[in-house]
Amino acid sequence: MPQDLDIGPLQEAAEKAIADGLVACQVAVARDREIVWARTFGKARESTRFWIASATKPIVASAVWLLMDEGKLEIERPVAHYIPEFAAHGKQDVTVEQVLLMTCGFPAAPMAAADGADPERRSQQLAEWRLEYPPGTRYVYHGMSAHWVLAELIERLAAQPFCDFVEERITRPLGLPRVLGIPRAEQSHIAQLLPEAGDEVHELFDYATKIEIGEPGGGAVMTASDLALFYQALLHNPGKLWKADTLADGTGNVRCRLPDPLMKLPANRTLGVVVGPGFGATWAASPTAFGWPGVGGQIGFAEPATGVSFAFFQVGDLDTVSPFVRGVGMTNLALALGP
């Protein structure tokens, strides 16, 4: 381990979380394209994959960047240019950029798992969506809806299932395993967000289906080391996977500073990540760190100033606030690493 990285506070915080009742957590720190420290605590294995919820979103966005690089996708164009039926119910002017920035105007648009998994039913559902506010006028977090549009764009422009595209063009070239669209028979040793919750909660969070269909806004499974290495790739661009200007735009160019109504702060959104002090206190210690959190306190980020990337996953806390607070605390400890 590099001598300038004091991992002690991270390890102590993770051990305290388990002592306080957290079922399991997993932590990874990477720098210079390598994992420098990774540990699993509680009732999980080092190889245990975690459901990472919305921390999935930058991975899917990074796949969209490839379509931009290839000239197949122009983000200034309306979504309906690529998905004609999407224009229904007044959505004809919604642009791809607005979808990537979550200013597109349909945060609560529904997509049942069965519909999302079937291309025909998915496109029918996209057509039925209605705007909740004029596109481009507000930032509202789109938990799942925006990324279903991105998944449809990937499938139409790449002519293959979006989960396969992410594997073939993102994770496999980076030496990472498949993270989206994991068959049920291969879902052993995946830590669920609330493993000891009752049937009612598990019906709400149908993990097996989310993971099987590869829900693009929150269905990935991976280890903390996998996510930390993904963020190293966003720092170093191995094999020049993305064009340099596209990657710089996607990780550092804040295109949306509209207020986040939930956090009462600027959204600080690029075409795929949150930069600086967006999303509450998560990035409070740095103006340049970029990444994305997920429900339950899952989180991954990279800090260009130090070259450090970090991931923290946790399971077993039934509270709605404390996992987020814990994730923020771990993030700020990680941001203190490095010179």
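This text goes with the structure placed above it.
These remarks concern the structure in this document. (Residues numbered from 1 in each chain as written. Predicted model: local features only at pLDDT ≥ 70, side-chain atom pairs only at ≥ 80, totals over all residues. Heavy atoms only, no water.)

1. Observations regarding the overall build of the protein
Thought 1: A tally of helices and strands in the protein yields 13 helices and 11 strands.
Thought 2: With the C-alpha coordinates aligned to their principal axes, the bounding extent of the protein is approximately 55 × 45 × 40 Å.
Thought 3: Within the protein, the fraction of its 339 residues that count as buried is 58%.
Thought 4: Considering only intrachain contacts with a sequence separation of at least 6, the fraction spanning at least 24 residues in the protein is 65%. (Helix = DSSP H or I, 4+ residues; strand = E, 2+ residues; numbered from the N terminus. Buried < 20%, exposed > 50% of the residue type's maximum accessible area, 1.4 Å probe, protein only. Contact = heavy atoms within 4.5 Å.)

2. A short note on the sheet that holds strand S4 (residues 190–191)
Thought 1: The strand order across the open sheet built from 3 strands is S4-S3-S5, with neighbouring strands paired in mixed fashion. A strand with exactly one partner marks an edge of an open sheet, and here the two such strands are S4 and strand S5 (221–222).
Thought 2: Relative to S5, strand S3 (residues 49–51) runs antiparallel, the two being bridged by 2 bridges. Bridge pairing links Trp 51 to Val 221 in S5. (Pairing = 2+ DSSP bridges.)

3. What to know about the sheet that holds strand S10 (residues 298–303)
Thought 1: The strand order across the open sheet built from 6 strands is S2-S1-S11-S10-S9-S8, with neighbouring strands paired in antiparallel fashion. Edge strands, defined here as strands with exactly one partner in the open sheet, are strand S2 (34–42) and strand S8 (274–275).
Thought 2: Pairing of strand S1 (residues 24–31) with S2 involves 8 bridges; the strand directions are antiparallel. The partner of Cys 25 across the bridge, within S2, is Phe 41.
Thought 3: Contacts from helix H1 (residues 8–19) reach S1, S2 and strand S11 (308–315), with the element oriented near 20 degrees to S2. (Axes fitted to C-alpha atoms, helices over the stretch in contact; angles between N-to-C directions.)

4. Observations concerning the state of the cysteines
Thought 1: Counted under the stated rule, the structure contains 0 disulfides.
Thought 2: In this model Cys 256 remains outside any disulfide bridge; the closest cysteine sulfur is found in Cys 104, 11 Å from its own.
Thought 3: By relative accessible area, Cys 256 is classed as buried at 3%. (Disulfide = S-S within 2.5 Å.)

5. Brief notes about the packing of helix H2 (residues 57–69) against helix H8 (residues 162–171)
Each packed pair of helices is defined by two parameters, the angle between the axes and the distance between the axes.
Thought 1: In the contact formed by H2 and H8, the axes pass within 10 Å of each other and the chain directions differ by 75 degrees. On the basis of the axis angle, H2 is roughly perpendicular to H8. Along the contact surface, H2 presents Ile 59, Ser 62, Ala 63, Leu 66 and Leu 67, while H8 presents Phe 165, Val 166, Arg 169 and Ile 170. (Parallel < 35°, antiparallel > 145°, perpendicular 65-115°, else oblique.)

6. Considerations on the side chain of Arg 122
Thought 1: As for its placement among the helices and strands, Arg 122 is situated in helix H6 (residues 119–128).
Thought 2: In terms of polar contacts, Arg 122 uses its side chain to reach the backbone carbonyl oxygen of Gly 116, at 2.8 Å.
Thought 3: Once residues lying within four places of it in the same chain are set aside, the contact partners of Arg 122 are Met 111, Asp 115, Gly 116, Trp 148, Glu 152, Glu 155 and Phe 162. (Polar contact = N/O pair within 3.5 Å; in protein donor to acceptor, adjacent residues only side chain to side chain.)

7. As for H8
Thought 1: Burial runs high along H8: 7 of the 10 residues are buried.
Thought 2: Within H8 the residues assigned to the buried category are Phe 162, Cys 163, Phe 165, Val 166, Glu 167, Ile 170 and Thr 171.
Thought 3: The inward-facing, buried residues of H8 abut H2, H6, helix H7 (145–158), helix H10 (207–213) and helix H11 (224–236).

8. Structural notes on the side chain of Asp 249
Thought 1: Within the secondary structure, Asp 249 sits in helix H12 (residues 244–252).
Thought 2: Looking at Asp 249, the relative accessible area reads 15%, which means it is buried.
Thought 3: Ignoring any residue separated from it by four or fewer positions in sequence, one finds Asp 249 in contact with Arg 255, Thr 270 and Leu 271.

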